[in-house]
Amino acid sequence: MSLREKPGLALSGCIHLLLLAALLLSFSRPSGFEDAQETIPVDMISAQDFNQIMKGEKTAKQIKPSPRAEKRAEIAELKPQPAQVDAKQEIPTPPSPLKRQPDPGREEAKETPKPPDHSASVQPPPRPVEEPQKPAPAKSPPAASQEKPPPDERAEAVDPKPVPRPKVEPEPKPDTASEAKAKPVEKPKPLFKPDQVAKLLNQEKAKETPEKPVQKPAARPKSGDEAPETTQKFDPGDISRLLSKDAPQHKQSTGRELQQVASLGSPTASAAKMSPSLWGMLDGLLQEQYKRCWNYIGVAGQKKYVPEIHVQYAQDGSLIGQPSLLNPPSDPNLRSLAESALRAVRRCDPLHIPAQYQPYYDQWKGRIVRFDPEDML
Amino acid sequence: MNPAEIAAAATPLPGAEVSLLSMFWSAHLVVKMVMIGLLCASVWCWAIIINKVILLSRTQRAMAQFEDVFWSGASLDELYATLSSRPTSGMASLFVAAMREWRRTVQGASSSFMGLQARIEKVLDVAIAREVEKLESNLLVLATVASASPFIGLFGTVWGIMSSFRSIAASRNTSLAVVAPGIAEALFATAIGLFAAIPALIAYNKLQGDVAKKQAQLEAFADEFSSILSRQIDQRAAHDQAA
């Protein structure tokens, strides 16, 4: 009864519930904004502005030339890495160098190759890493060694050894070539940087006393065993590398520090601007020269007309291309005036431009010359 | 996985964060109460609006019907007999009130017509006032809601923004993603306030006009009827004097 009399409350309640439900549905997934496109502001600059920008600092100190370094060499630990691949096959050899140290001397004498062999074969990888610590000039050998890891390096270090032992390593392989190349590079190296001393000492020791393994367990076994080792762990993936006759190259040059050089700017760039007084002097100078070249006898009266001629100069003051008249006269009577002005420009072809204006060539290379009869006659 | 899929997978989370319900639940208690109050006000407003519209249209229909019958020339006594037996509204109730007063006087022993005219007019005035009051009741609620609910919503918004600023200050993070949900839920309060206020305002003006129109009709009818009755009274008085 009351519902029929006053259905308002029930009705409005229903309406609100429906509305809320609709809102919940429609609001459940708010639409995000579309990603705004980023705009990149672009400035147009003239060639002259570009020259200004590129000028750089001409007085910057030139840094002593050193090989270009793009990357700092990583600091590598000197500890040899444990053998990875073949060590598994060799049951008894945990590749810790310290234990073996007493052995290898004996082994070399006996030339029982196996265990040291593998440690040697596996170890080379760390080597090249440690090498880059040497300063730049010494870098080429490491690069070579990186290319052909196992034999090369060792060959260098242990050079003398092969002599006593007949079977010595590298002959069958292209090693020899690279070795030959590598050696000359290494030997002449005149500067003894402190870092290198240790290495050199090591090498010395290796050369002098092959039996003392203490210092370089890694380098140790190399001497005798290289040949067998290479044959054993013949890696098909390496064939191309072994066969390549390319000279050792820098893959990426590394140095002890990055080379940072101030930009010296391009030689043709000009940053200097003419001062107003210089401008005025140049104007007067050119105007004077044109005045001398210009002979125009005519009635300059009835109409004010000043021919404006666009001229382009080369560095030495000669014309480039044809001078062009910017405002051809409508009155045929004045045409002779314009013609004479053009003629004057052509006659003055190599203008004399003092040397002091040379740096500002960019600014005066294109000019508009005005031949005002009242001024110039 | 392309970036579109990643974006699609990532959107549900913020989407859920800004949905209407979660906006409500994450609001401050004051803001919540403001929202609920405003929602109730809106429900009430619409209930009043619907009731009033129905009442007015019903009244309109009844008045038209009554006027048809009244001016059809039928006997007023018969009309009174039919109408007085059931509850009436609008003009009919006016008619019944005046007729009752008239009959009481005519059938009474004194049968003095001296003050009858004045009494009938008083009765008609009272009946009009009662009818108008019936039509007008609750319209003031609409007016109140229309004027107050924007302020209440604004209060909720200010409170919500205040608390979200306080949480910004506490978290020391001013990125828009942190600020936005709080401000959105605060603005939600104002939205509800406006949602309640706008229909209330419009309906109040409309209904107020309708009620005024009905009142004018009632007064016109009352004047006509009282003039008819006064003519009757004068005739009766002349008749009595002649007799």
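Residues numbered from 1 in each chain as written. Chains lettered and ligands numbered in written order. Predicted model: local features only at pLDDT ≥ 70, side-chain atom pairs only at ≥ 80, totals over all residues. Heavy atoms only, no water.

(A) A look at the side chain of A:Ser12. Its place among the elements puts A:Ser12 in helix H2 (residues 8–27). Setting aside residues up to four positions removed in sequence, A:Ser12 forms contacts with B:Val43, B:Trp46, B:Ala47 and B:Ile50. (Helix = DSSP H or I, 4+ residues; strand = E, 2+ residues; numbered from the N terminus. Contact = heavy atoms within 4.5 Å.)

(B) Here's a closer look at the sheet that holds strand S4 (residues 324–325) of chain A. Residue and element names in this part refer to chain A. The three strands are arranged S4-S3-S5 in an open sheet whose pairing can be described as antiparallel. If you trace the sheet from one side to the other, it starts and ends with S4 and strand S5 (366–370), each paired once. For strand S3 (residues 308–312) and S4, the ladder comprises two bridges, and the chain directions are antiparallel. Pairing of His-310 across the sheet is with Ser-324, part of S4. Packed onto the sheet, helix H14 (residues 276–293) meets S3 and S5 and runs at close to 60 degrees relative to S5. (Pairing = 2+ DSSP bridges. Axes fitted to C-alpha atoms, helices over the stretch in contact; angles between N-to-C directions.)

(C) Examining the pairing of S3(A) more closely. All names here are of chain A. Residues Ile-309 and Val-311 line the buried face of S3, whereas the alternating positions Glu-308, His-310 and Gln-312 sit on a face that is not buried. Summarising the sheet, S3 and S5 pair through five bridges and their orientation is antiparallel. Residue pairing across strands places Ile-309 opposite Val-369, the latter belonging to S5. (Buried < 20%, exposed > 50% of the residue type's maximum accessible area, 1.4 Å probe, protein only.)

(D) Structural context of the pattern of salt bridges. All names here are of chain B. As enumerated under the stated definition, the model contains seven salt bridges over all chains in all. A salt bridge links Arg-104 to Glu-101; its shortest N-O distance comes to 3.9 Å. Note that Arg-104 and Glu-101 are positioned in helix H6 (residues 91–107) at a spacing of three residues, about one turn of the helix. Residue classification places Arg-104 among the exposed positions, given a relative accessible area of 55%. Glu-101 sits in the buried class, given a relative accessible area of 12%. Between Asp-210 and Lys-206 there is a salt bridge; the shortest N-O distance is 2.8 Å. Here the residue Asp-210 and the residue Lys-206 both occupy positions in helix H9 (residues 176–242), the gap between them amounting to four residues, near one helical turn. Assessed through its relative accessible area of 17%, Asp-210 is described here as buried. (Salt bridge = Lys/Arg side-chain N within 4 Å of Asp/Glu carboxyl O.)

(E) Just the interface of chain A and chain B, in detail. Across the contact, 18 residues belong to chain A and 15 residues belong to chain B. When chain A packs against chain B, close to 1400 Å² is buried across both sides, 76% of that on carbon and sulfur atoms. On inspection of chain A and its partner chain B, the count reaches zero salt bridges. Taken together, chain A and chain B are joined by four residue pairs in polar contact (both at pLDDT 80 or more). Looking at the side of chain A that touches chain B, the elements that each hand over two or more residues are helix H1 (2–5) and H2 of chain A. (Buried area = accessible area lost by both parts, 1.4 Å probe. Polar contact = N/O pair within 3.5 Å; in protein donor to acceptor, adjacent residues only side chain to side chain.)

(F) Fine view of the packing of helix H8 (residues 139–171) of chain B against H9(B). Residues and elements named next belong to chain B. Between H8 and H9, the least distance of the axes is 7 Å, while the angle of their chain directions is 175 degrees. Overall, the two elements H8 and H9 adopt an arrangement that is roughly antiparallel. For the contact of H8 with H9, the class distribution of residues is 24 nonpolar, ten polar and no charged. (Parallel < 35°, antiparallel > 145°, perpendicular 65-115°, else oblique. Nonpolar A, V, L, I, M, F, W, Y, C, P; charged D, E, K, R; others polar.)

(G) Examining H2(A) more closely. Between the first and last C-alpha of H2(A) there are 28 Å, a value that for 20 residues agrees with the 28 Å anticipated at 1.5 Å per step. Along H2(A), the residues that are buried comprise A:Gly8, A:Ser12 and A:His16. Along H2(A), the residues classed as buried sweep out an arc of 55 degrees about the axis, all on the same side. Across from the buried face of H2(A), at angles greater than 90 degrees, the exposed residues are A:Leu17, A:Leu18 and A:Leu25. Buried residues along H2(A) sit against helix H4 (29–70) and H9 of chain B. (Expected span 1.5 Å × (residues − 1). Arc of directions from axis to C-beta.)

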